[in-house]
Amino acid sequence: MATSLASESPAILVLADGSVFRGRGIGARGRAIGEVCFNTAMTGYQEILTDPSYAGQIIAFTFPHIGNVGANAEDVEADLPAARGLVLRSDVTGPSSFRALEPLDGWLEANGLVGITGVDTRRLTRLIRSEGFQTAGIDHGTVDVDTLAAEVRAWPGLEGMDLAMEVTCRRPYTWDEARWRPGAGYERQARPHRRVVVIDYGVKRNILRSLADLGCQVTVVPADTGAAEIVDHGPDGIVLSNGPGDPAATGEYAVPVIRELVDIGKPVFGICLGHQMLALALGARTVKMANGHRGANHPIKNLDTGLIEITSQNHGFVVDRDSLPDSVAPTHVSLFDDTLAGLRVKEKPVFSVQFHPEASPGPQDSHYLFRAFAERMDASD
């Protein structure tokens, strides 16, 4: 029988509405303040916690067995976790995977992530679903409800917040690591025949791996890079990456650049935040959702094929479908709430999706979008 690794030190979760959840601490000691959201994925907790799109957020996992496969050096999407903290129902047990290098609790502590276990995550999820996003705080250590509640009330929230500059790279770099394969690990792209520039608003490594896997020489540039510098890299195509925060805030500097890139006529592929800012550049608008989409089991309908795809998602803002200009066509919609999940420009090789075709974690139903991007690059040569 696996041994529980939960500490006996108390911890609390306090929400902006005054709700208090008591439990046991996990990971680092201290306080974490952010917007609490829930994720319904049944696997891939390391990928989720290191996804830069979660900057500024506390993740409540609805799946009860988080931590049972331990942690390793491969299953991460960035060098450091972007999430502020995590909320679990059950205590973490000892790892039971041959790939585990250490228990999750030790990995959390080493990376400064504050967590709490023993929380009624069903109650918390229902509260978020009915009341919408809330600021929240975790205290692992002092368990001072009044002080934590005051810090929660003082936190400004994600609306209007540009977080891309917190998680973007500081200088351009190249990437040649391809996708992971059983028995071989991550391969290397030694003979690329396409050139892609990825604008890093908080890019996940599996996006870069997916591009390298298709024969792309990948150059990653910071979020505030100008169009002229991007063009100087000689790209066959440009990717607008995922990322955290309010697209309208990041769009203050990103949208003018995206407009220039669209006008150049090169293929452009937007993912998640990149999709939202592409929409802003095309004349649409974005709005904050009540509770967002986060998980690896979200059904999407492809309007071009009529097929249903199960997708990985992580977003709290969405493009207003009714605001799309006539030059833009919707391509995908969510079957949960009919929100827009993809678009394309009618007369240009420019398209985007709200979900994550690279998954990690999640199904690979939508991986064809990378091939579609490659085909657009080949056709534009």
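One can find the structure itself at the top, above this paragraph.
Draft legend 1. Representation of the environment of aspartate 162 within the structure. Tracing the sequence through the fold places aspartate 162 in the loop between helix H4 (145-154) and helix H5 (164-167). With 84 residues separating them in the primary sequence, aspartate 162 and aspartate 246 have C-alpha atoms 6.0 Å apart. Leaving out residues up to four positions away in the same chain, aspartate 162 has contacts with Ala249, Thr250 and Tyr253. Among the polar contacts made by the side chain of aspartate 162, one reaches the side chain of threonine 250 at a distance of 2.7 Å.

Draft legend 2. Focus on empty space enclosed by the protein. Tallying each qualifying case throughout the model produces 2 cavities of 30 Å³ or more. Quantified by volume, the largest cavity comes out at close to 140 Å³. Forming the walls of the largest cavity are 17 residues, and the residues nearest its centre are Gly243, Gly245, His315, Gly316 and Phe317. Partitioning the lining of the largest cavity into residue classes produces 6 nonpolar, 8 polar and 3 charged.

Draft legend 3. Structural view of the pattern of salt bridges. Taken as a whole, this structure holds 18 salt bridges when the rule is applied. Between aspartate 378 and arginine 194 there is a salt bridge, with its nearest N and O atoms 2.8 Å apart. Here aspartate 378, found in helix H10 (residues 368-379), pairs with arginine 194, found in strand E11 (residues 194-200); they are 184 residues apart in sequence, far enough to count as distant. Take arginine 194: its relative accessible area is 12%, and that puts it in the buried class. One salt bridge in this structure joins aspartate 320 and arginine 285, with 2.7 Å as the shortest N-O distance. Of the two residues, aspartate 320 is situated in the loop between strand E16 (308-319) and strand E17 (328-334) and arginine 285 in the loop between helix H9 (273-281) and strand E15 (286-302); the sequence distance between them amounts to 35 residues. Using a relative accessible area of 47% as the deciding quantity, one classes arginine 285 as partly exposed.

Draft legend 4. Structural view of the layout of surface pockets. A volume near 610 Å³ is recorded for the largest pocket. The set of elements that each furnish at least two residues to the lining of the largest pocket consists of helix H1 (45-49), strand E9 (177-181) and helix H6 (205-213). In terms of residue count, the dominant contributor to the lining of the largest pocket is H1 (3 residues). Class assignment for the residues of the lining of the largest pocket results in 10 nonpolar, 12 polar and 8 charged. Taken as a whole, the second largest pocket holds about 480 Å³ of empty space.

Draft legend 5. Representation of unusual backbone geometry in the model. Residue proline 361 is reached from serine 360 by a cis peptide bond, and omega for that bond is 5 degrees. Turning to its location among the elements, proline 361 is positioned in the loop between strand E19 (350-353) and H10. In this structure, valine 143 takes a positive phi of about 55 degrees despite not being glycine. Along the chain, the position of valine 143 falls in the loop between strand E7 (134-140) and H4.

Draft legend 6. Representation of the sheet that holds strand E14 (residues 268-271) within the structure. Strand order in this open sheet of 10 strands is E8-E12-E11-E13-E14-E19-E18-E17-E15-E16, and the pairing throughout is mixed. Single-partner strands in this sheet number two, and they are strand E8 (173-175) and E16. Across the sheet, the mean angle from the axis of one strand to that of its neighbour is 25 degrees, orientation sign disregarded. Direction of pairing for E11 relative to strand E12 (residues 216-222): parallel, over a ladder of 7 bridges. Residue pairing in the sheet places valine 198 in a bridge with valine 220 of E12.

Draft legend 7. Quick look at the nonpolar core. Counting residues in each nonpolar core, the largest one holds 32 residues, and the members touching the most others are Ile199, Tyr201, Ile230, Leu240, Ile258, Leu278 and Leu343. Going through the elements one at a time, E11, helix H7 (227-232), strand E13 (237-240), helix H8 (247-264), H9 and strand E18 (340-345) are the ones with two or more residues in this core. Ranked by size, the runner-up nonpolar core spans 27 residues in total, among them Val220, Ile300, Phe373 and Ala374.

Draft legend 8. Quick look at the packing of aromatic side chains. Taken as a whole and judged by the stated rule, the model has 3 aromatic pairs. Summarising the aromatic geometry, the rings of phenylalanine 269 and phenylalanine 351 are spaced 4.6 Å apart at their centres and angled 15 degrees between planes, so their arrangement reads as stacked. With phenylalanine 269 in strand E14 and phenylalanine 351 in strand E19, this pair connects stretches of sequence that are 82 residues apart. Neither phenylalanine 269 nor phenylalanine 351 differs from the other in exposure class; each is buried. Centre to centre, the rings of phenylalanine 269 and phenylalanine 370 are 5.7 Å apart; their planes meet at 75 degrees, and the pair counts as edge-to-face. Placement of phenylalanine 269 in strand E14 and of phenylalanine 370 in helix H10 is noted, with a sequence separation of 101 residues between them. Each of the two residues, phenylalanine 269 as well as phenylalanine 370, counts as buried. One aromatic cluster is present, built from ring pairs that chain together Phe269, Phe351, Phe370 and Phe373. In this arrangement the basic side chain of lysine 288 is found over the ring face of phenylalanine 317, its NZ or CZ atom lying 5.5 Å from the centre.

Draft legend 9. Representation of the pairing of E19 in the model. Residues Val350 and Ser352 of E19 are buried on one face, and the alternating residues Phe351 and Val353, pointing to the opposite face, are buried as well. Here E14 runs beside E19; their pairing, made up of 4 bridges, is parallel. Residue pairing for E19: glycine 270 is matched across the bridge by serine 352. In this sheet, E19 lies alongside E18 in antiparallel orientation, the contact comprising 3 bridges. Following the sheet pairing, leucine 343 is matched in E19 by serine 352. The turn linking E18 back onto E19 is made up of 4 residues.

Basis of the calculations
- Residues numbered from 1 in each chain as written.
- Predicted model: local features only at pLDDT ≥ 70, side-chain atom pairs only at ≥ 80, totals over all residues.
- Heavy atoms only, no water.
- Helix = DSSP H or I, 4+ residues; strand = E, 2+ residues; numbered from the N terminus.
- Contact = heavy atoms within 4.5 Å.
- Polar contact = N/O pair within 3.5 Å; in protein donor to acceptor, adjacent residues only side chain to side chain.
- 1 Å grid on protein atoms, 1.4 Å probe; cavity = no way out; pocket = protein on both sides within 12 Å on 5 of 7 lines; lining within 4 Å.
- Points joined across faces, edges and corners; volume = space filled by probe spheres on them.
- Nonpolar A, V, L, I, M, F, W, Y, C, P; charged D, E, K, R; others polar.
- Salt bridge = Lys/Arg side-chain N within 4 Å of Asp/Glu carboxyl O.
- Buried < 20%, exposed > 50% of the residue type's maximum accessible area, 1.4 Å probe, protein only.
- Pairing = 2+ DSSP bridges.
- Axes fitted to C-alpha atoms, helices over the stretch in contact; angles between N-to-C directions.
- Core = buried A, V, L, I, M, F, W, Y, C linked by side-chain atoms within 4.5 Å.
- Phe/Tyr/Trp six-rings, centres within 6.5 Å; stacked < 30°, edge-to-face > 60°.
- Lys NZ or Arg CZ within 6 Å of the ring centre and 35° of its normal.

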